[in-house]
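One letter stands for each residue in the lines below.
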Amino acid sequence: MDNKVRRIVIAGGGTAGWIAAAALSRLLGPLLDITLIESDDIGTVGVGEATIPTHRTFHHLIGIDERKFMKATQATFKLGISFENWGQIGDRYIHSFGQIGRPNWMGDFHHIWMAGQEQGIGGSLDDYCLELKAADAEKFATDEKSRISYAYHLDASRYARFLRSFAEPLGVVRKEGKIIAVNLDGESGFISSLTMDNGDVVEGDLFIDCTGFRGVLIEGALRTGYDDWTEWLFTDSALAVQTRSTGPAIPYTRSIAHDAGWRWRIPLQQRVGNGLVYSKEFLGDDEARGRLLELIEGEMLTEPRLIRYQTGRRKMTWNRNCIALGLASGFLEPLESTSIHLIQNTIFRLIKLFPFSGIEDAIVQRFNDQCTVEVERIRDFIILHYKATKRNDSPFWDRCREMAVPDTLTHRMEMFRRHALAWQDGQELFRVDSWVQVMMGQGLIPEGHHALGKLMNPDQLRRALDGIRGNITRTVAALPSHQAFVDQYCPAMES
């Protein structure tokens, strides 16, 4: 085939760059020439260590062996996120990756459960989700027949190296060095080549910008512009530090709110990732550092690293012949572990719309429209965590509680508050179960619900609820501990 777009240049390595290289070389390799430019002298942010279940789909499609990946990246399993102190101080709920109960075409399971609540039966909604109960019990197991929904905690730097070892044998050419110039075609305005600090000029047809917050190509050269979302997501700083593990790894991420933001705790096999997210308007850097060091457990393996960011996104993910990926495309808080998913999904979207016969406005527009819908819905879901709070203990939470939110989120919250209605549209990441768990977990309790539960008499309803709950209880009881399963399934390679 005489393709007009054949030479792919990936500017930057790290997680984003090597995800792009691995997917393109594995799925479109014979059709493309792929070059990746990165410098060992340029650090990566590299603190995003928690993923969501779509990560498994990515690995399945490009043919990555789970055990090899987990051993190489010191990974553990993840069944969800424990949110602590978000609705009110002392509150805790788990946003799990599982399905709640057994929905039917008329309505979702929580409507049936709410009918049980009116009759004083049914217990907690948590009892109807296998993944949630397994996470809470710190248990886990999987095999080829298992239907349990899970993701991973991983070492991001090791993951990039693992993907490099996967992609280079497939033909990806890595060039070591820094990019000192982005050269534009005088007539079209497209990027024609990149000049490196050693004098090499790397030409390409399509460029993928993985240069992090700097956005050297998408912003530095093409001046794409940025949509600022700090009016809704106004944290702007994070401190990250690694500590040695002090106990068994748990199968969930912890997200613990404090008076000016939140902190994370992510357990790997041999260490723990810790971080403090905050708004510098409400918390000074020195105070934030002191707070983080006071709260961490175990020996520090790194010094705390300060990261500044601005929540938002590029006005276009694809501009001319450049596609922004990862932090170059924008930044949403790591609150729901969506960063790596957005990288992977953007690459899959490119593969499906790949402009073999030339870059056309219609393809670019379709690509950008899909990216916009996806990231804005994720944005709304993250804003929900801040807006749906009853905390009034600090100016930070007062602003969160009182802020005006996007109309799309206002509508969702009102529909749930009045009718217990939640939904997942075509380009959305988060399922009905996710919206329900977060809204109810943070105290947004519906006033009404669908009456489908009333189609069963009280005895039928009780038996149905008891049956689902009993099956989950028995299944969880039979699972090994998460740590025991990791130890036998994928023990980490030595550091």
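Reading the values: the criteria
- Residues numbered from 1 in each chain as written.
- Predicted model: local features only at pLDDT ≥ 70, side-chain atom pairs only at ≥ 80, totals over all residues.
- Heavy atoms only, no water.
- Helix = DSSP H or I, 4+ residues; strand = E, 2+ residues; numbered from the N terminus.
- Contact = heavy atoms within 4.5 Å.
- Buried < 20%, exposed > 50% of the residue type's maximum accessible area, 1.4 Å probe, protein only.
- Arc of directions from axis to C-beta.
- Pairing = 2+ DSSP bridges.
- Axes fitted to C-alpha atoms, helices over the stretch in contact; angles between N-to-C directions.
- Parallel < 35°, antiparallel > 145°, perpendicular 65-115°, else oblique.
- Left-handed = near helix turned anticlockwise from the far one by under 90°.
- Core = buried A, V, L, I, M, F, W, Y, C linked by side-chain atoms within 4.5 Å.
- Nonpolar A, V, L, I, M, F, W, Y, C, P; charged D, E, K, R; others polar.
- Lys, Arg positive; Asp, Glu negative; His and termini not counted.
- Salt bridge = Lys/Arg side-chain N within 4 Å of Asp/Glu carboxyl O.
- Polar contact = N/O pair within 3.5 Å; in protein donor to acceptor, adjacent residues only side chain to side chain.
- Phe/Tyr/Trp six-rings, centres within 6.5 Å; stacked < 30°, edge-to-face > 60°.
- Lys NZ or Arg CZ within 6 Å of the ring centre and 35° of its normal.

Participant: Would you take a moment to explain the side chain of S434 for this structure?
Facilitator: Among the structural elements, S434 can be located in helix α13 (residues 432–441). Ignoring anything within four residues of it in the chain, the contact list for S434 reads H95 and F381.

Participant: Would you explain helix α8 (residues 285–295) in this entry?
Facilitator: Three- or four-residue spacings in an α-helix give side chains the same orientation, since the helix completes a turn every 3.6 residues. Considered for burial, the residues of α8 that qualify are A288, R291 and L292. End-on view of α8: buried residues confined to an arc of 100°, all on one side of the axis. Exposed residues on α8 whose side chains face more than 90 degrees from its buried face are D286 and E294. Contacts from the buried residues of α8 go to β13 (237–244), β14 (253–258) and β16 (271–278).

Participant: Explanation requested: the sheet that holds β13 in the structure shown.
Facilitator: Paired through backbone hydrogen bonds, the strands of a sheet run either parallel or antiparallel to each other. Strand order in the open sheet formed by 7 strands is β5-β4-β14-β15-β16-β13-β17, and the pairing between neighbours is mixed. Of all the strands in the sheet, just β5 (92–96) and β17 (305–308) have a single pairing partner and so form its edges. On average, adjacent strands in this sheet sit at an angle of 20° to one another, irrespective of strand direction. Across 5 bridges, the pairing between strand β4 (residues 80–84) and β5 is antiparallel. Within the sheet, the bridge partner assigned to F83 lies in β5 and is Y93.

Participant: I'm lost on the packing of helix α10 (residues 361–387) against helix α12 (residues 407–419) in this one. Help?
Facilitator: Relative placement of two packed helices is described by the angle separating their axes and the distance separating the axes. At a closest axis distance of 10 Å, the pairing of α10 and α12 adopts a crossing angle of 60°. Classified by the interaxial angle, the pair formed by α10 and α12 is oblique. Both α10 and α12 take part in a crossing whose hand is right-handed. Contacts between α10 and α12 involve R377, R379, D380, I383, L384 and K387 from the first element and T408, L409, R412 and M413 from the second.

Participant: Please clarify how the nonpolar core should be interpreted in this entry.
Facilitator: Soluble globular proteins tend to pack their nonpolar side chains together in the buried interior. Membership of the largest hydrophobic core comes to 132 residues, with the highest contact counts inside it found for I8, F77, I208, L350 and Y386. Counting residues per element, this core draws most heavily on α10, at 10 residues. V9, V202, L222 and A328 belong to the second-largest nonpolar core, a separate cluster that totals 14 residues.

Participant: Explanation requested: the packing of helix α2 (residues 54–62) against helix α9 (residues 339–352) in the structure shown.
Facilitator: Where α2 contacts α9, the axes come no closer than 10 Å and their chain directions differ by 40°. Taken as axis vectors, α2 and α9 run oblique relative to one another. Crossing handedness for the pair α2 and α9: left-handed. Every residue of α9 that contacts α2 at T54, H55, F58 and L61 is listed here: I340, H341, Q344 and F348. Per-class residue counts for the contact of α2 with α9 are 4 nonpolar, 4 polar and no charged.

Participant: Where do I start with the side chain of E66 in this structure?
Facilitator: The residue E66 is located in helix α3 (residues 66–73) in this model. No salt bridge is formed by the buried E66; its nearest oppositely charged neighbour, R56, is found at 4.5 Å. Side chain to side chain, E66 and Y152 meet in a polar contact 2.5 Å long.

Participant: What is the right way to look at the pattern of salt bridges in this model?
Facilitator: Side chains bearing opposite charge may pair, as long as their charged atoms lie close to each other. For the structure shown, the criterion picks out 34 salt bridges. In this structure, the salt-bridge partner of R244 is E299, at a minimum N-O distance of 3.0 Å. Taken together, the positions of R244 in strand β13 and E299 in the loop between α8 and β17 put the pair 55 residues apart, joining distant regions of the chain. The exposure class assigned to R244 is partly exposed, which follows from its relative accessible area of 40%. Given a relative accessible area of 48%, E299 falls into the partly exposed group. Several salt bridges share partner residues, and in doing so they unite E38, D40, R174 and E176 into one network.

Participant: Would you take a moment to explain the environment of V436 for this structure?
Facilitator: Mapped onto the elements of the fold, V436 is located in helix α13. V436 sits 14 residues away from A422 along the chain, and the two C-alpha atoms are 6.9 Å apart. Leave out the neighbours within four places in its chain, and V436 touches I100, H110, L125, F416, A422 and G441.

Participant: Whenever I open this one, the packing of aromatic side chains confuses me. Can you help?
Facilitator: Aromatic ring pairs are reported here in terms of the distance separating the ring centres and the angle at which the planes meet. Summed over all chains, the structure comprises 31 aromatic pairs. Measuring from ring centre to ring centre gives 5.7 Å for F77 and F485, while their planes differ by 55°; the resulting arrangement is tilted. With a gap of 408 residues between them, F77 in strand β3 (residues 76–78) and F485 in helix α15 (residues 482–489) connect regions that are remote in the sequence. The structure contains a cluster of three or more aromatic residues connected by ring pairs, namely F69, F77, F140, Y150, Y152, Y159, F162, F485 and Y489. In this arrangement the basic side chain of R379 is found over the ring face of W229, its NZ or CZ atom lying 4.9 Å from the centre. One cation-aromatic arrangement involves R399 over F234; the distance from NZ or CZ to the ring centre is 4.9 Å.

Participant: Is there a simple way to think about the sheet that holds strand β18 (residues 312–314) in this case?
Facilitator: Taken in spatial order, the 3 strands line up as β12-β18-β21 in an open sheet, and their pairing is antiparallel. Every other strand in the sheet has two partners, leaving β12 (226–228) and β21 (330–331) as the edge strands with one partner each. Taken together, the 3 bridges between β12 and β18 define a ladder with antiparallel strand orientation. Residue D227 lies in a different strand from β18, and its bridge partner there is R313.

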